[in-house]
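Take a look at the letters that make up each chain.
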Amino acid sequence: MSKKKFAQVAIDSPLRKLFDYRIPDGINKVEVGCRVLIPFGRRKVVGIIVRFIEQSDIASNRIKNIHTLLDDCSIFNQETFALISWAARYYHYPLGAALFSALPPALRKSQDTTTDIENVWELTDAPADNSLKRAPKQAKILAWLKEQTVPVTTSTLNTQFPNSQAAIRTLEAHGLMRKVPKAINHRNKEEAITCEVKLTNEQRLASEHIIESLNRFKVQLLEGVTGSGKTEVYFKVISHILTHSSEAQVLILVPEIGLTPQLQTRLTKRFGVNIGLLHSNITEKQRKQTWLKIAQGEIRIILGTRLAVFTPAIQLALIIVDEEHDASLKQQEGFLYHARDVAIYRAKQLNIPIILGSATPSFESLHNASVKKFAHLHLHNRALSNAMPSIHLADMRIEHASTILSAPLRQAMKNHLAAGQQVILFLNRRGYSPALLCHDCGWVADCESCDANMTYHRANNKLICHHCDSTRERPMHCPQCHSRNLIMLGHGTQRIEEALLDEFENYSTVRLDRDITRRKGMLEKILLEIQKQKHQIIIGTQILSKGHDFPNVSLVGILDIDYGIHSTDFRALERSAQLLIQVAGRSGRRDVHGEVFIQTHTPDHPLLQTLIQKGYASFAEQALAARSEWKLPPYTHHIAIRARSQKNHDVFVFLEKVKSVCVKLLPQNIIIQGPINAAMEKKAGQFRAFILLVIDQRGACTQHIDYCLQHIDTLKEARSVKWSVDVDPIDNFV
Ligand code: ADP
Ligand code: ZN
Ligand code: ZN
């Protein structure tokens, strides 16, 4: 093969273009996906080779040489490189920025890719000679090592035998034990299989169905009511895969970091293979090591949040997306990909199955199941309880306006608590009170940078904006009329906590919201305390809705569902219904029958009625019919072109210009709406608006849109705003 002359290199930048470099004589073995150090302006930056070319448009006296080759072979494997390239095209995101955001931060710099190989100790075949009789310490170490069934690292050995380094060294020197690289599969399978549970009939049928279609692309939507034991179905399939191949890897995506510890523990107990954890809250060094070990096939189960969808696993046999409806699977900054959708593409590319699990599937997935793109599997019953909880509506219109807990809910709390059960009170609003208002002139404490009220936090006596985090002292007088008559409107989790003090003082109460879990380790600590029944009343925000299994909770109170029902975003109903079912699902997961109270001012709301009387599936069907009628997703596709700036005028001038470019360059069948103000027009000092493209058929449009965006890139109006493209947006830009 003749020598490669030039390379087109992607760098970590918002520019939608690649840069040409000459490959100098010293560099011979180089391939697509290798990282290189290149001169860029006056700096040297890391780039990734995207393709090789015979000739460059840049004059030969101006084109620069690649400075250093950082990798011998592609840092991504071929499939992962193709996956990221596809995602960059689909989401109209610059390839360079996409490639770099898929790398662990440590590898975005010029760090090398060596892994720390972990060594473990084993006995050699050499017979122990008589000398050991006079060395009891050494004999003890050897005897202990002989007994072990799990791999023994140096640190385990040191813990077991403190101050025995000399003895260990002697044993090694005499060839009686040695260090070897940790094997891939070290625990014996017998042990793994013995702790498997007996599946329920439904679980068995679902897992058999999935196992039958292994080794080819198929999307399996596993819709199982809360507590139905979806995880056991995943485990059955994983176990089948791991026992039938010594190399196959499984990727499990979960929406929240908070869900990883529980699942990791269960996986470790069940499977004797290396499990790699990937999310944004582990150290850079660890994340890099895990990533590289996945690439080498040493890690067999990859458990992570959305970013793990791009890891270069080499033998992927199955992908699982748990809680597939969860909005956290969509990245909300920079590269705006949806991990579920990228995972589906990846499964297709690799011709492997993918399981999407949820008690409340997204409307997209339900739609795909109804048009037979996805297989649809059901778990109708709970694994450990005979029944789903009973749901009651508490009509707040008959309560006093300032009532926080309705009479029926308070009574139910007393009953369940007296029976030794735990109670969850759910409210999706942290802080004490969401509005501070002057009773005399109507002044409201607003955030100066956002179109939003400040929330009063009693713990530190401050006003905090939940949208930009700006904080200020709580005024004692109205700044407008100097009245001291300031009142607090509405309630947040802190106020609920306070309201319980009198009536439920004999029970321990704990609050679980972002103010609390921001501190490292707090979420895990409180979750454990709840499991151990240290607290009887748990007050929390949506953190509580995510997949947790609290055996002793038998009552759930949903304090305010009206907020979601009356939102302007067409997706709000879907979200509220999912949240409601998920939170309700924390109740009665074992022997005691569960109850749920939902407080609302609109108990007759038709969709709320459907949801409660007929369940999520009927609700979704009805809501989907409305979406179809209004030509909303999933019946059409949305792409938003968003802009923000400190000057509202600049945003609109830019978006008008964008609109005219779109009208000129896009095919007629794409409907162009806007510019539209974001639901929250001003946030953190920036005015925000967007243009919405409504598209019938995605595929055919990609090129047109790319062309359009290249044009927009060159607009002079683009320089005075920040703009981005959001494909399949999941909110109105709140
Ligand atoms: P889901 O994720 O569907 O809400 P989980 O997987 O958390 O449900 O299961 C709920 C509880 O039921 C867990 O404690 C789990 O260990 C238990 N469980 C699930 N399946 C079985 C089974 N077949 N036998 C015994 N316990 C089970
Ligand atoms: Zn006033
Ligand atoms: Zn703000």
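Residues numbered from 1 in each chain as written. Chains lettered and ligands numbered in written order. Predicted model: local features only at pLDDT ≥ 70, side-chain atom pairs only at ≥ 80, totals over all residues. Heavy atoms only, no water.

(A) A look at the overall build of the protein. Helices and strands together make up the secondary structure of the protein, namely 23 helices and 30 strands. What you see for the protein is a C-alpha radius of gyration of 29 Å, in line with the 27 Å of a compact globule of 734 residues. For the protein, the C-alpha atoms occupy an extent of roughly 90 × 75 × 55 Å along the three principal directions. Per-residue burial for the protein yields a buried fraction of 52% across its 734 residues. Carbon together with sulfur atoms contributes 50% to the accessible area of the protein, which is approximately 34,600 Å² in total. (Helix = DSSP H or I, 4+ residues; strand = E, 2+ residues; numbered from the N terminus. Rg over C-alpha atoms; globule rule 2.2 N^0.38 Å. Buried < 20%, exposed > 50% of the residue type's maximum accessible area, 1.4 Å probe, protein only. Areas by Shrake-Rupley, 256 points an atom, 1.4 Å probe, with all protein chains shown as cover.)

(B) Representation of helix 9 (residues 230–244) within the structure. The end-to-end C-alpha distance of helix 9 is 22 Å, a good match for the 21 Å that 15 residues give at a rise of 1.5 Å each. The buried fraction of helix 9 is high, at 11 of 15 residues. All buried positions along helix 9 are accounted for by Lys230, Thr231, Glu232, Val233, Tyr234, Phe235, Val237, Ile238, Ser239, Ile241 and Leu242. (Expected span 1.5 Å × (residues − 1).)

(C) Region of interest: the domain arrangement of the protein. We note that the domain assignment places domain 1 (6–108), domain 2 (119–181), domain 3 (189–379), domain 4 (390–432 + 491–627) and domain 5 (637–727) within the protein. When each unit is reduced to the centre of its C-alpha atoms, the spacing between domain 3 and domain 4 is 28 Å. If you look at the interface, domain 3 gives 22 residues, while domain 4 gives 22 residues. Summed over both partners, the interface of domain 3 with domain 4 comes to about 1,700 Å²; 59% of that surface belongs to carbon and sulfur atoms. Interface area lost by domain 3 to domain 4 is led by Thr226, Thr360 and Phe363, which between them contribute 38%. Linking domain 3 with domain 4 are three residue pairs in polar contact (both at pLDDT 80 or more), by the criterion used here. Taken together, the elements giving at least two residues each to the side of domain 3 that touches domain 4 come down to helix 10 (260–270) and helix 13 (363–370). When residues in the side of domain 3 that touches domain 4 are grouped by element, the largest group, three residues, is from helix 13. (Domains from an automatic or database assignment. Contact = heavy atoms within 4.5 Å. Buried area = accessible area lost by both parts, 1.4 Å probe. Polar contact = N/O pair within 3.5 Å; in protein donor to acceptor, adjacent residues only side chain to side chain.)

(D) Here's a closer look at the packing of helix 22 (residues 648–665) against helix 23 (residues 702–713). Packing of helix 22 against helix 23 brings their axes to within 10 Å, and their N-to-C directions diverge by 140°. What the angle tells us is that helix 22 and helix 23 run oblique. At the point where helix 22 passes helix 23, the crossing takes the right-handed sense. Contact with helix 22, carried on its side by Phe654, Val658, Val661, Cys662 and Leu665, involves His704, Tyr707, Cys708, His711 and Ile712 of helix 23 and no other residues of that element. (Axes fitted to C-alpha atoms, helices over the stretch in contact; angles between N-to-C directions. Parallel < 35°, antiparallel > 145°, perpendicular 65-115°, else oblique. Left-handed = near helix turned anticlockwise from the far one by under 90°.)

(E) A look at the coordination of the zinc ion (ligand 3). Coordination of the zinc ion (ligand 3) by the protein comes from Cys447 (SG), Cys450 (SG), Cys465 (SG) and Cys468 (SG), over a distance range of 2.2 to 2.4 Å. Considering all four donor atoms around the zinc ion (ligand 3), angles at the metal cover 106 to 112° and the coordination shape is tetrahedral. For the zinc ion (ligand 3), all donor residues lie on one chain, and their spacing in sequence is C-x2-C-x14-C-x2-C. With a gap of 15 residues between them, Cys450 in the loop between strand 18 (435–438) and strand 19 (455–457) and Cys465 in the loop between strand 20 (462–464) and strand 21 (471–473) connect regions that are remote in the sequence. No difference in accessibility class separates Cys450 from Cys465, as the two residues are buried. (Donors = N, O, S within 2.8 Å, 3.2 Å for Na, K, Ca; no water. Tetrahedral: all angles 85-135°; square planar, octahedral: opposite > 155°, others 65-115°.)

(F) Spatial organisation of the site of ligand 1. In the vicinity of ligand 1 lie 19 residues, with Lys198, Gln203, Gly227, Thr231 and Asp549 positioned nearest. Contact distances for ligand 1 include 2.8 Å between a nitrogen atom and a side-chain N or O atom of Gln203. Between ligand 1 and Ser228 there is a distance of 3.4 Å, counted from an oxygen atom to a backbone nitrogen or oxygen. Contact with the protein chains removes 83% of the 570 Å² of surface that ligand 1 exposes when unbound. The leading source of residues in the shell around ligand 1 is helix 9, at three residues. Split by domain, the shell around ligand 1 shows at least three residues from each of two domains, domain 3 (189–379) and domain 4 (390–432 + 491–627). (Near = heavy atom within 4 Å.)

(G) View of unusual backbone geometry. With an omega of 5°, the peptide bond between Pro633 and Pro634 qualifies as cis. With omega at 0°, the peptide bond leading from Gly674 into Pro675 counts as cis. As for its position among the elements, Pro675 is in strand 28 (residues 671–683). Positive phi outside glycine occurs at Asn351, with the angle close to 60°. Mapped onto the fold, Asn351 is located in the loop between helix 12 (339–350) and strand 14 (353–358). A residue is classified by how much of its surface remains accessible, and Asn351, at 42% relative accessible area, is partly exposed. Positive phi is not limited to glycine here, since Lys372 has a value of about 70°. Here Lys372 shows up in the loop between helix 13 and strand 15 (375–379). Residue Lys372 is classed as exposed on the basis of its relative accessible area of 70%.

(H) Examining the coordination of the zinc ion (ligand 2) more closely. Donor atoms from the polypeptide that bind the zinc ion (ligand 2) are Cys438 (SG), Cys441 (SG), Cys478 (SG) and Cys481 (SG), placed at 2.2 to 2.4 Å. For the zinc ion (ligand 2), the four donor atoms are set out with angles of 105 to 112° between them, so the coordination reads as tetrahedral. Every donor residue of the zinc ion (ligand 2) comes from the same chain, spaced as C-x2-C-x36-C-x2-C. Of this pair, Cys438 sits in strand 18 while Cys481 sits in the loop between strand 21 and strand 22 (486–489), placing them 43 residues apart in sequence. Residue Cys438 is classed as buried on the basis of its relative accessible area of 1%. Taking relative accessible area as the criterion, Cys481 reaches 33% and is therefore assigned partly exposed.

(I) Spatial organisation of the sheet that holds strand 28. Strand order in the open sheet made by the four strands is 28-29-27-30, with antiparallel pairing throughout. Across the chains shown, the open sheet's two edge strands, defined by having one partner strand only, are strand 28 and strand 30 (722–727). When the angles between neighbouring strand axes are averaged without regard to direction, this sheet yields 20°. One ladder, built from seven bridges, connects strand 28 with strand 29 (residues 686–695); its direction is antiparallel. Counterpart to Asn677 in the pairing with strand 29 is Ala689. (Pairing = 2+ DSSP bridges.)

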